[in-house]
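Read off the chains here:
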Amino acid sequence: MKCAAWVDSECLENCVSIEMFGQVFKVVALEKLINAKRTAGRPKDLMMLPELEAILEYQKLQEAATGEKGTDDDTESDTKS
C-alpha cells in the first residue's frame, strides 16, 4: 500500500481497509470521522453528523443481526466481498 508522506502510525491505526474496484484502500474509520467532524465544529462538518451517525447506527444494527464486525475493524476479511 502506498501512503502519503504525512501519514503517521496514529492515522493508520484509525483506518480500515475497504475493497472497491478491485483495489484495497485505507480510509478513516466511521467513528473516528464522526469524532473529527464534531471536534472541528465547522458548519459543514456539523451538518454531516446526522447522516454519518445514522450510517454508524445502521452498521451496528447489521453487526448485531449477523454477529459480524463491520468495516471498522482492519482485518483481512473486511477486504473480501
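Residues numbered from 1 in each chain as written. Predicted model: local features only at pLDDT ≥ 70, side-chain atom pairs only at ≥ 80, totals over all residues. Heavy atoms only, no water.

**Q** An account of unusual backbone geometry is requested, with residue identities and associated values reported.
**A** Even without being glycine, Phe-21 reaches a positive phi, approximately 55 degrees. As for its placement among the helices and strands, Phe-21 is situated in the loop between strand S1 (15-20) and strand S2 (23-28). Relative accessible area serves as the criterion here: at 78%, Phe-21 is assigned to the exposed category. (Helix = DSSP H or I, 4+ residues; strand = E, 2+ residues; numbered from the N terminus. Buried < 20%, exposed > 50% of the residue type's maximum accessible area, 1.4 Å probe, protein only.)

**Q** Mind laying out the pattern of salt bridges, listing which residues take part and the relevant values?
**A** Throughout the structure, instances matching the rule amount to four salt bridges. The partner of Arg-38 in a salt bridge is Glu-53, with the nearest N and O atoms 2.2 Å apart. Residue Arg-38 is located in helix H2 (residues 30-40), and its partner Glu-53 is located in helix H3 (residues 43-66); the two are separated by 15 residues in the primary sequence. With a shortest N-O distance of 2.6 Å, Asp-45 and Arg-42 are connected by a salt bridge. Residue classification places Asp-45 among the buried residues on the basis of a relative accessible area of 3%. (Salt bridge = Lys/Arg side-chain N within 4 Å of Asp/Glu carboxyl O.)

**Q** Explain the confidence of the model for the protein chain to me, and be specific about the residues and the numbers.
**A** In the predicted model, the protein chain carries a mean pLDDT of 81, and 72% of its residues have values of at least 70. By mean pLDDT, helix H1 (residues 9-13) is the weakest element of the protein chain at 71, and H3 is the strongest at 96. When the criterion is pLDDT under 50, residues 72-81 qualifies, and its contacts beyond four places in sequence or with other chains add up to 20 contacts. (pLDDT = per-residue confidence, 0-100. Contact = heavy atoms within 4.5 Å.)

**Q** Please give an account of the pairing of S1 that cites residues and values.
**A** Sheet topology note: the S1/S2 ladder contains six bridges and is antiparallel. By the bridge assignment, Ile-18 is partnered in S2 with Phe-25. Hairpin connection, S1 to S2: the antiparallel pair is bridged by two residues, and Phe-21 has positive phi, about 55 degrees. (Pairing = 2+ DSSP bridges.)

**Q** I'd like to hear about H2, residue by residue, with values.
**A** Those residues of H2 that fall on the buried side of the exposure criterion are Leu-30, Ile-34 and Lys-37. One side of H2 carries all its buried residues, which in axial view fall inside an arc of 70 degrees. Buried residues along H2 sit against S2 and H3. Just downstream of H2 lies Gly-41, where phi reads positive at about 70 degrees. (Arc of directions from axis to C-beta.)

**Q** An account of the packing of H2 against H3 is needed here, citing residue identities and associated values.
**A** When two helices pack together, their arrangement is given by the angle between the helix axes and by the axis-to-axis distance. Axis separation between H2 and H3 bottoms out at 10 Å; the angle between their running directions is 160 degrees. Relative to H3, the element H2 is oriented roughly antiparallel. As H2 packs across H3, the resulting crossing turns out to be left-handed. For the pair H2 and H3, contact is made by Leu-30, Glu-31, Leu-33, Ile-34, Lys-37, Arg-38 and Ala-40 and by Asp-45, Leu-46, Met-48, Leu-49, Leu-52, Glu-53, Ile-55, Leu-56, Gln-59 and Lys-60, respectively. Looking at the contact of H2 with H3 residue by residue, the class counts come to ten nonpolar, one polar and six charged. (Axes fitted to C-alpha atoms, helices over the stretch in contact; angles between N-to-C directions. Parallel < 35°, antiparallel > 145°, perpendicular 65-115°, else oblique. Left-handed = near helix turned anticlockwise from the far one by under 90°. Nonpolar A, V, L, I, M, F, W, Y, C, P; charged D, E, K, R; others polar.)

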